[in-house]
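For reference, the chains in residue letters:
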Amino acid sequence: MSYVYDDQNIFARILRGEIPNKTVLETGHSLAFEDIAPQAPHHVLVIPKGRYVNYDHFALEATEAEIVDFTRTIGAVCKMLGVQPSRDGQGYRLISNCGAHGVQEVPHLHVHILGGRVLGRMLQPA
Ligand code: 5GP
């Protein structure tokens with residue numbers, strides 16, 4: 001199984017600084033920034049800096065350092081947004097769309113962090 005990464009995808013261009021973004025947090029291996037079309041009061045995208053197409057690509061082939069950094073960055077952003085139920089927040093949802101059935105728009109791994117309102121049930125009818 002090989003993964004084909006498109007270096008011209010919009011998040012690759014953001015990582016190269018060719019397109020501006022509203023950065024929430026940047027670490028050695030990850031970048032978190034505001035979604036350009038927010039679906040909730042909080043809508044942050046977290047991406048690895050490495051060339052990973054989707055979550056299974058990352059989970060299978062990323063280094064341990066990248067995986068730890070990405071996971072910790074998601075946690076740090078949840079903390080920054082104040083959405084953690086354990087800290088008096090009201091909760092959030094993580095989404096990572098993959099491929100055609102997942103209706104993935106941008107072919108660079110990203111996790112959506114959504115919060116700030118009740119988000120409804122997990123899936124709507126197709
Ligand atoms: P997907 O459907 O691939 O899971 O989500 C892609 C997300 O990227 C969408 O929520 C879309 O609004 C966001 N997006 C697309 N282009 C840009 C961009 O140029 N800048 C930012 N910040 N977000 C983008």
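Residues numbered from 1 in each chain as written. Predicted model: local features only at pLDDT ≥ 70, side-chain atom pairs only at ≥ 80, totals over all residues. Heavy atoms only, no water.

Under an unreviewed UniProt entry, the name given to the protein is Histidine triad nucleotide-binding protein, and the source organism is Plastorhodobacter daqingensis.

Another aspect to go through is the UniProt feature "domain: HIT" (unreviewed entry) in the protein. This chain's UniProt record puts "domain: HIT" (unreviewed entry) on residues 10-124. Between the C-alpha atoms that bound residues 10-124 the distance is 27 Å, and the span itself is 30% helix and 22% strand. (UniProt positions renumbered as here; feature names shortened; annotations may be inferred. Helix = DSSP H or I, 4+ residues; strand = E, 2+ residues; numbered from the N terminus.)

Once that is clear, we can look at the nonpolar core. Core analysis: the largest hydrophobic core is formed by 14 residues, its most contacted members being Val46, Phe58, Phe70, Ile74, Val77 and Ile113. Element by element, the count of residues in this core is highest for helix α3 (residues 64-81), at 4 residues. For Val77, the contacting residues outside a window of four places in its chain are Val24, Leu25, Ala32, Val44, Val46 and Ile113. Counting 7 residues, the second largest nonpolar core, distinct from the first, contains Phe11, Ile14, Phe33 and Leu45. (Core = buried A, V, L, I, M, F, W, Y, C linked by side-chain atoms within 4.5 Å. Buried < 20%, exposed > 50% of the residue type's maximum accessible area, 1.4 Å probe, protein only. Contact = heavy atoms within 4.5 Å.)

Spatially, β1-β2-β3-β5-β4 is the arrangement adopted by the 5 strands of the open sheet, whose pairing is antiparallel. The open sheet is flanked by β1 (23-26) and β4 (92-95), the only strands paired with a single partner. When the angles between neighbouring strand axes are averaged without regard to direction, this sheet yields 20 degrees. Sheet topology places strand β2 (residues 30-34) next to strand β3 (residues 42-48); 5 bridges connect them, and they run antiparallel. Bridge pairing in β3 links Glu34 to Val44. Against the sheet, α3 engages β1, β2, β3, β4 and β5 (111-115), with an angle of about 160 degrees to β3. (Pairing = 2+ DSSP bridges. Axes fitted to C-alpha atoms, helices over the stretch in contact; angles between N-to-C directions.)

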